[in-house]
Amino acid sequence: MAIARLHGGPLDGQVIPLEGETTDQLILPYSETQVVYERTGDDQNTGDSDGPTSADYHFVEAEGDIDPAASERDDRTGA
């Protein structure tokens, strides 16, 4: 099993498992929208005894509003 290390965006610092082969792009749910991360660089820890293979993914975009404070304000003001 491989893992993805996420950099930037709302999921910065998260590590998630990857099933099967590593892909060039991850589209992940976040709040009521989705966020997009793209793979950068080569896989790390690809040896037999150096831990799980990992790949770095960097934040590209969010498909909607990712500021939960803004949506909470809208709910309170009736907007």
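Bear in mind the structure is a predicted one, so any value in this text is a computation, not a measurement.

## So, the pattern of salt bridges
Evaluation of the coordinates by the stated rule reveals one salt bridge. In this structure, the salt-bridge partner of Asp 43 is Arg 39, at a minimum N-O distance of 2.6 Å. Taking relative accessible area as the criterion, Arg 39 reaches 25% and is therefore assigned partly exposed.

## Side note on the pairing of strand E4 (residues 33-44)
Within a regular strand, the side chains alternate between the two sheet faces. Relative to E4, strand E3 (residues 25-30) runs antiparallel, the two sharing six bridges. The partner of Gln 25 across the bridge, within E4, is Glu 38. Between the end of E3 and the start of E4, which pair antiparallel, lie two residues, with Ser 31 showing a positive phi angle near 55 degrees. By the bridge criterion, seven bridges tie E4 to strand E5 (residues 53-62) in an arrangement that is antiparallel. Pairing of Val 35 across the sheet is with Ala 62, part of E5.

Analysis parameters
Residues numbered from 1 in each chain as written. Predicted model: local features only at pLDDT ≥ 70, side-chain atom pairs only at ≥ 80, totals over all residues. Heavy atoms only, no water. Salt bridge = Lys/Arg side-chain N within 4 Å of Asp/Glu carboxyl O. Buried < 20%, exposed > 50% of the residue type's maximum accessible area, 1.4 Å probe, protein only. Pairing = 2+ DSSP bridges. Helix = DSSP H or I, 4+ residues; strand = E, 2+ residues; numbered from the N terminus.

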